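These are the residues of each chain, in order.
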Amino acid sequence: QVQLVESGGGLVQAGGSLRLSCAASESISSLNAIGWYRQAPGKQRDLTAVSTRGGRTNYADSVKGRFTISRDNAKNTVYLQMNSLKVEDTAVYYCYSSTGWGPNKYDYWGQGTQVTVSS
């Protein structure tokens with residue numbers, strides 16, 4: 001199993017920046033994908049930014065140009081740099097990873113970290 005631990009959440013004013021970290025229990029270079037989902041109160045959990053083993057990144061349209069996902073493979077850590085934050089970005093952010101394929105595919109989730117953007 002893969003354990004994921006998020007950190008870096010907090011309260012920030014609109015227009016500000018925040019950086020989230022997700023530390024994995026094993027080499028992130030061996031994972032199919034690792035990244036971030038978020039869930040606002042009363043809403044579904046949506047993909048925010050994901051990085052694949054092949055180097056592809058995928059961002060939600062709502063965060064393109066503002067959020068950047070990056071890796072530090074030596075530290076088994078991924079980061080989400082969030083700039084120009086909006087009130088609509090307020091949510092619990094969950095680190096996500098996947099391993100394997102088909103029936104042997106497994107998904108892993110962190111405990112979540114709260115991000116609150118005030119006007």
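See above for the structure.
All of the points below concern the structure found in this document. It should be emphasised that the depicted structure is a prediction, and the values quoted were computed from it without experimental measurement.

## Quick notes on the overall build of the chain
Looking only at helices and strands, the chain features zero helices and 11 strands. Seen in sequence order, the chain has helices and strands lined up from the N terminus as β-β-β-β-β-β-β-β-β-β-β. For a compact globule of 119 residues, the expected C-alpha radius of gyration is about 14 Å, and the chain comes in at 14 Å, within 12% of that figure. Considered along the principal axes of its C-alpha atoms, the chain spans approximately 45 × 30 × 25 Å. Sorting the 119 residues of the chain into buried and exposed places 44% on the buried side. Nonlocal contacts in the chain, meaning residues at least 24 apart in sequence, comprise 54% of its contacts between residues at least 6 apart. In the structure as shown, the chain presents an accessible area of about 6300 Å², 47% of it carried by carbon and sulfur atoms.

## As for the sheet that holds strand 3 (residues 18-24)
The strand order 1-3-8-7 describes an open sheet built from four strands, whose pairing is antiparallel. Since the sheet does not close on itself, it has two edges, and those belong to strand 1 (4-7) and strand 7 (67-72), each with one partner. Across the sheet, the axes of successive neighbouring strands diverge by a mean angle of 20°, strand direction being ignored. Here strand 1 runs beside strand 3; their pairing, made up of four bridges, is antiparallel. Opposite Val5, over in strand 3, you have Ala23 as the bridge partner.

Rules used throughout
Residues numbered from 1 in each chain as written. Predicted model: local features only at pLDDT ≥ 70, side-chain atom pairs only at ≥ 80, totals over all residues. Heavy atoms only, no water. Helix = DSSP H or I, 4+ residues; strand = E, 2+ residues; numbered from the N terminus. Rg over C-alpha atoms; globule rule 2.2 N^0.38 Å. Buried < 20%, exposed > 50% of the residue type's maximum accessible area, 1.4 Å probe, protein only. Contact = heavy atoms within 4.5 Å. Areas by Shrake-Rupley, 256 points an atom, 1.4 Å probe, with all protein chains shown as cover. Pairing = 2+ DSSP bridges. Axes fitted to C-alpha atoms, helices over the stretch in contact; angles between N-to-C directions.

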